[in-house]
Amino acid sequence: MLVGGDRNWLRRYPCAAWIWTPSRAAFSASAAVLATGYIYTSGRYGGLDANPHWNGAQFSIDYSLSKRTDVYIFDTFQRKSGPHAVADVYLYAPSTSSTQNVVVAGIRHRF
């Protein structure tokens, strides 16, 4: 899931998310989980005549290969608008353009 276990997170940061999980009888876990989300953020800088805002979108898919092994891909995109705004996805270096895109892919095996 894109949203963690902290239910207060949604109250502080409103967002929209859609999660799709088909059933699969062969495994105890679902075969695939698809999740998308959108976040809009607006801000103000004290003392500056600026009205920056950011649009962000997320997409992830997690596919089970077996009961303990799965592959996943996660993509997050951010576009900034307004003066003094910077496209900056958390934990990554700020972008030098008006957009930033981060893609993470991997395989996971649970022991």
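What you are looking at is a predicted structure, and each value in this text was computed from that prediction instead of being measured.

Student: Where do I start with the confidence of the model for the chain in this structure?
Tutor: Low-pLDDT stretches of the model should not have their predicted coordinates read in fine detail. Chain-level pLDDT for the chain is 78 on average; 73% of the residues reach the 70-or-more range. Across the chain, element-level confidence peaks in strand 5 (residues 99-109) with a mean pLDDT of 95 and bottoms out in helix 1 (residues 8-12) with 44. In this model, residues 1-12 is a region of pLDDT below 50 whose contacts with residues beyond four sequence positions or in other chains number 13 contacts. Here residues 24-28 is a poorly scored stretch, pLDDT under 50, and it has eight contacts once near neighbours within four places are set aside; other chains count.

Student: What is the right way to look at the pattern of salt bridges in this model?
Tutor: Two side chains carrying opposite charge are able to pair once their charged atoms lie near each other. Tallying each qualifying case throughout the model produces three salt bridges. The partner of Arg108 in a salt bridge is Asp70, and the shortest N-O contact between them spans 2.6 Å. Of this pair, Arg108 sits in strand 5 while Asp70 sits in strand 4 (residues 69-81), and the two are 38 residues apart along the sequence. Residue class for Arg108 comes out partly exposed when judged on its relative accessible area of 34%. Here Asp70 makes a salt bridge to Arg110, at a shortest N to O gap of 3.6 Å. Placement of the pair is Asp70 in strand 4 and Arg110 in the segment after strand 5, with a sequence separation of 40 residues. Within the structure, one salt-bridge network assembled from shared partners comprises Asp62, Asp70, Arg108 and Arg110.

Student: I keep staring at the pairing of strand 4 and nothing clicks. Help me out?
Tutor: The side chains of a regular strand alternate, first on one face of the sheet and then on the other. Pairing between strand 3 (residues 53-64) and strand 4: 12 bridges, direction antiparallel. By the bridge assignment for strand 4, Gln58 is matched with Thr76. Between strand 3 and strand 4, which follow one another and run antiparallel, lie four residues. One ladder, built from 11 bridges, connects strand 4 with strand 5; its direction is antiparallel. Across the sheet, residue Phe74 finds its bridge partner in strand 5, namely Val104.

Reading guide: rules and limits
Residues numbered from 1 in each chain as written. Predicted model: local features only at pLDDT ≥ 70, side-chain atom pairs only at ≥ 80, totals over all residues. Heavy atoms only, no water. pLDDT = per-residue confidence, 0-100. Helix = DSSP H or I, 4+ residues; strand = E, 2+ residues; numbered from the N terminus. Contact = heavy atoms within 4.5 Å. Salt bridge = Lys/Arg side-chain N within 4 Å of Asp/Glu carboxyl O. Buried < 20%, exposed > 50% of the residue type's maximum accessible area, 1.4 Å probe, protein only. Pairing = 2+ DSSP bridges.

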